[in-house]
Amino acid sequence: MTRYIVRPMRFEDIEAVSEVERECFTTPWPTSAYRRELRDNRMGRYIVLTEVQDNATVDVEPTAESNGGGVRRAVGQFLRPFSRVATSTIPRSKERIVGFAGMWLMLDEAHVTTIGVKRDLRGQGLGELLFATLLDLAMEMGARRVTLEVRVTNYSAQALYRKYGFREEGVRRRYYSDNNEDALIMWSDRLEAPEFQTRYREMRAALDERLSGIAEVHT
Ligand SMILES: CC(C)(COP(=O)(O)OP(=O)(O)OC[C@H]1O[C@@H](n2cnc3c(N)ncnc32)[C@H](O)[C@@H]1OP(=O)(O)O)[C@@H](O)C(=O)NCCC(=O)NCCS
């Protein structure tokens, strides 16, 4: 069975993230932009969605790093029940990156910079899982509100953001250079507002139910 994990993005993920990104956007970021974000932006948070085969938890090949005494330690980690496996212990060969998302905090505002899921996996709640994880991280980082830009014709992404109470508060004219399309500027409510918290908890509970046994978050 296939499962999905959301975990922090690492340098070695960048090539695979770029591949998925090319499926998602007409003007993907250069890989150097991701490298810079991961290396230099201490207020940035980037996450990936990986597809993992169940046997990844037990099928361990010793690596150079886990030679000798390290092997036992590594095997011990892999044999933990799936739900408790630390993501760092899943061998790279057993996971496939199928989505990504990122944001950065400026003062007390979190800006969602990117989000995408491989085309053939859309419509199952996985993009929502990435987005909800960003909201969790924004709250953890002390953001008061979250904002983002979205193409005026990107109705599916807008529906996702509206589901979490985001509203349009402006337009950036000709924001996208490939076709001069306008961007809607969307904002969340104040994250600590009871209305936001109530809605967020309801949406999150429904999502957890939908993805129960299929997806986990390790951030
Ligand atoms: C936006 C994106 C990440 C959504 O990912 P996804 O996995 O397909 O979305 P989910 O299945 O989690 O859907 C969550 C919600 O989004 C909205 N949504 C997603 N796809 C939709 C569609 N085709 N039509 C209408 N609403 C849609 C719905 O509100 C949905 O909630 P529901 O399942 O209760 O109806 C995905 O479409 C994508 O990668 N698009 C290309 C990249 C992109 O446009 N990124 C956004 C840039 S601002």
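Below you will find a few notes about this structure. Because the structure is a prediction, the values reported are computed rather than measured.

**Considering the sheet that holds strand β7 (residues 181-187)**
- Strand order in the open sheet formed by eight strands is β6-β7-β5-β4-β3-β2-β1-β8, with mixed pairing between adjacent strands. Strands with a single pairing partner mark the edges of an open sheet, and in this sheet they are β6 (167-176) and β8 (215-217). Each strand axis lies, on average, 20° off the axis of its neighbour in the sheet, ignoring direction.
- Alignment of strand β5 (residues 145-151) against β7, held across five bridges, turns out to be antiparallel. Paired with E149 across the strands is I185, a residue of β7.
- Here helix α1 (residues 14-24) sits on the sheet in contact with β2 (44-53), β3 (95-106) and β4 (109-117), set at roughly 85° to β3.
- Docked against the sheet, helix α4 (residues 126-140) engages β1 (2-8), β2, β3, β4, β5 and β8, running at close to 160° with respect to β4.

**Side note on the nonpolar core**
- Core analysis: the biggest nonpolar cluster contains 42 residues, and F131, Y161, Y164 and F166 have the highest contact counts within it.
- No other element matches α4, which puts nine residues into this core.
- Once you skip the residues sitting within four places of it in the chain, F166 turns out to touch F131, L135, V146, L148, Y161, M186, W187 and S188.
- Membership of the second largest hydrophobic core comes to nine residues, among which are I14, Y34, Y46 and I97.

Reading guide: rules and limits
- Residues numbered from 1 in each chain as written.
- Predicted model: local features only at pLDDT ≥ 70, side-chain atom pairs only at ≥ 80, totals over all residues.
- Heavy atoms only, no water.
- Pairing = 2+ DSSP bridges.
- Helix = DSSP H or I, 4+ residues; strand = E, 2+ residues; numbered from the N terminus.
- Axes fitted to C-alpha atoms, helices over the stretch in contact; angles between N-to-C directions.
- Contact = heavy atoms within 4.5 Å.
- Core = buried A, V, L, I, M, F, W, Y, C linked by side-chain atoms within 4.5 Å.
- Buried < 20%, exposed > 50% of the residue type's maximum accessible area, 1.4 Å probe, protein only.

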